[in-house]
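# Summary of structural features
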Amino acid sequence: MKTSNKFTLARIFAAPALFILYFLPQWMGLSDGATPAILLSSIIIPLLAAAEITDYFDGHFARAHNEVSDFGKMFDPFADVFLHLSMFTCFVFSGYMHPVLFVLILYREFSQNFLRMVAAKSGTAIAARKGGKVKTVFYVASCFVALVQNCLVRTGLAAAWGTNMTAFNIAGNVVFAICVLLSYISFADYLKNFGGVLKKAAE
C-alpha cells in the first residue's frame, strides 16, 4: 500500500477506537471526576488530533512521492467522512449535537457518496474541492468543540468551575449548524461541476 494511503487508512482505524474510548467511561459505569474517566477523556482529544493530522500527511506524501491516484482521490474524503460521522454519532447520543443537524449531514454525505459512485462508474474520480475542504475544516472544529464539552463534564471540571454547559451546548450546535450550511453549499458546487455525470447516467 502506498504511504499516502496508509495515512488515510489510519483515520479509518481511528474512528472505531475513538468511538469506544468516548463511551468506555459510560459503559464501565465511571462517575464524572473519577480518575479512570479523566484518563480516558484525556486520551480522546490528542488521538483525534493525531487522526486529523493524517489528512495533511496523506496529501503531502501523495504529491511528494507522485502517488496521486483516482483511488486516493476517493479514499481520502471517504476516510474523512467515516471519521467525522463516527464522532458526530457520539455527540448525538451525548446530547451535544441536535439530531436534526446530524440527519441533515447524513443526507448530504450519502448523497455525495452516491455522486462519487456514479462518477467513478463513468470513469471520473471526484476529488475534494475547495468548498468540501472548507466544510471538512468546520467538521474538525465542531468535533473539538464537542469534545471539550465532554471532557469538562467527564473530568468534573464543569461542576467545579460552575461552567454554564447549556450556553456551551448552544454554541456547539451553532458550529454544527454552520457545518450543515457549508456541507450543502459545497454539495451544490459538486452538483454544478459533476451533475452532468448524474444526468448522463440516468438517461
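Above this text is the structure in question.
About the criteria used
- Residues numbered from 1 in each chain as written.
- Predicted model: local features only at pLDDT ≥ 70, side-chain atom pairs only at ≥ 80, totals over all residues.
- Heavy atoms only, no water.
- Helix = DSSP H or I, 4+ residues; strand = E, 2+ residues; numbered from the N terminus.
- Polar contact = N/O pair within 3.5 Å; in protein donor to acceptor, adjacent residues only side chain to side chain.
- Contact = heavy atoms within 4.5 Å.
- Buried < 20%, exposed > 50% of the residue type's maximum accessible area, 1.4 Å probe, protein only.

On to the side chain of Thr155. Tracing the backbone shows Thr155 in the loop between helix 5 (130-154) and helix 6 (157-161). Within the structure, Thr155 has its side chain in polar contact with the backbone oxygen of Cys151 (distance 2.5 Å). In contact with Thr155, other than residues within four places in its own chain, are Gly33 and Ile38.

Here we come to unusual backbone geometry. Backbone geometry follows two general trends: most residues other than glycine have a negative phi, and most peptide bonds adopt the trans configuration. The backbone of Asn66 sits at a positive phi, close to 55°, despite the residue not being glycine. Looking at the secondary structure, you find Asn66 in the loop between helix 2 (35-64) and helix 3 (70-94).

With respect to the element layout, Asn150 can be found in helix 5. On the accessibility criterion, Asn150 (2% relative accessible area) is buried. A C-alpha to C-alpha distance of 29 Å links Asn150 and Asp58, two positions 92 residues apart in sequence.

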